[in-house]
Amino acid sequence: MFRKKFRGLIRIFMIGLLVSTTVIVYAASSSSSIRNYGPVLGYSYTNKATITTSDSDALASTKLSSTSGAPPAGYMGCCTRLYNTSNVLISQSKWIFNDHPNTTTIIHSGSRTYTPGTYYSKGLTAAYNHYDTYKSPNLSF
């Protein structure tokens, strides 16, 4: 009788231990090379694309910076684009623009997928014309 109760307690303890273990999420991030362009209307810029993965998603982001002071509001814009390794566009964000005249950098994260696979980021920035970022390295989740 004692052995049956002891086995039952051990089973309950083991199940509780399994249920209560904490899941650790590891994230990876990789960025493209920095692209320099300009001057455009008197301002020079840099841009880059970044991809970040976790155990459940991939997220693309784009960074645009003015390297020659703060341009007027509306001069800088960017959107994010997420591609798979077959070069198929998976997700594209809406455009955002600098809305303050003292902004020198905007970072936009907005293209995401929850479908496991291998992906890269390649953003698009605007300073009068459109300028692609370089392609980020591939990351998988």
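See the structure printed just above.
Predicted model only: the values in this text are computed from it and were never measured.

Draft legend 1. Broad picture of the pattern of salt bridges. Counting across every chain of the model gives two salt bridges. Linking Arg112 and Asp57 is a salt bridge whose minimum nitrogen-to-oxygen distance equals 2.3 Å. Within this pair, whereas Arg112 is found in strand S9 (residues 105-113), its partner Asp57 is found in the loop between strand S3 (43-53) and strand S4 (58-66), the two being separated by 55 residues in sequence. On the accessibility criterion, Arg112 (36% relative accessible area) is partly exposed. Across the salt bridge formed by Asp132 and Arg81, the nearest N and O atoms sit 2.7 Å from each other. Here Arg81 lies in strand S6 (residues 81-84) and Asp132 lies in strand S12 (residues 129-132), a separation of 51 residues in the sequence.

Draft legend 2. Quick look at the sheet that holds strand S5 (residues 77-79). Strand order in the open sheet formed by four strands is S8-S5-S11-S12, with antiparallel pairing between adjacent strands. The two strands at the open ends of the sheet, each matched to only one other strand, are strand S8 (96-97) and S12. Both S5 and strand S11 (residues 124-127) contribute to a ladder of three bridges, which runs antiparallel. Its bridge partner lying in S11, Cys78 is registered against Thr125.

Draft legend 3. Spatial organisation of the nonpolar core. Formed by Tyr37, Val40, Tyr43, Tyr45, Leu64, Met76, Cys78, Ile106, Ala127 and Tyr131, the largest nonpolar core amounts to 10 residues. Counting residues per element, the ones that place at least two in this core are strand S2 (35-40) and S3. Apart from residues lying up to four places away in sequence, Tyr131 is in contact with Arg35, Tyr37, Val40, Asn47, Gly123, Leu124 and Thr125. Counting seven residues, the second largest nonpolar core, distinct from the first, contains Ile51, Ala60, Tyr119 and Leu139.

Draft legend 4. Highlighting the side chain of Asn98. Note that Asn98 resides in the loop between S8 and S9. Residue Asn98 is classed as buried on the basis of its relative accessible area, which comes to 3%. Side-chain polar atoms of Asn98 contact the backbone oxygen of Pro72, separated by 3.1 Å. There is a polar contact of 3.1 Å between the side chain of Asn98 and the backbone nitrogen of Tyr75. Among residues more than four places away in sequence, those in contact with Asn98 are Pro71, Pro72, Ala73, Gly74, Tyr75, Met76, Thr103 and Ile106.

Draft legend 5. Structural view of the pairing of S6. Residues Arg81 and Tyr83 line one face of S6 and the alternating positions Leu82 and Asn84 line the opposite face, and both faces are buried. In this structure, S6 lies alongside strand S7 (residues 89-92), joined through three bridges in antiparallel fashion. Paired with Tyr83 across the bridge in S7 is Leu89. Between the antiparallel neighbours S6 and S7 lie four residues, among them Asn87 with a positive phi of about 65°.

Draft legend 6. Quick look at the sheet that holds strand S10 (residues 118-121). Strand order in the open sheet formed by four strands is S7-S6-S10-S13, and the pairing between neighbours is antiparallel. Of all the strands in the sheet, the pair left with one neighbour each is S7 and strand S13 (139-140).

Draft legend 7. Summary view of the side chain of Ser32. Within the secondary structure, Ser32 sits in the loop between strand S1 (28-31) and S2. Take Ser32: its relative accessible area is 9%, and that puts it in the buried class. What Ser32 contacts, discounting residues up to four positions off in sequence, is Lys48, Ala49, Tyr134, Lys135, Ser136 and Pro137.

Thresholds applied
- Residues numbered from 1 in each chain as written.
- Predicted model: local features only at pLDDT ≥ 70, side-chain atom pairs only at ≥ 80, totals over all residues.
- Heavy atoms only, no water.
- Salt bridge = Lys/Arg side-chain N within 4 Å of Asp/Glu carboxyl O.
- Helix = DSSP H or I, 4+ residues; strand = E, 2+ residues; numbered from the N terminus.
- Buried < 20%, exposed > 50% of the residue type's maximum accessible area, 1.4 Å probe, protein only.
- Pairing = 2+ DSSP bridges.
- Core = buried A, V, L, I, M, F, W, Y, C linked by side-chain atoms within 4.5 Å.
- Contact = heavy atoms within 4.5 Å.
- Polar contact = N/O pair within 3.5 Å; in protein donor to acceptor, adjacent residues only side chain to side chain.

The analysis is restricted to geometry; functional conclusions fall outside its scope.
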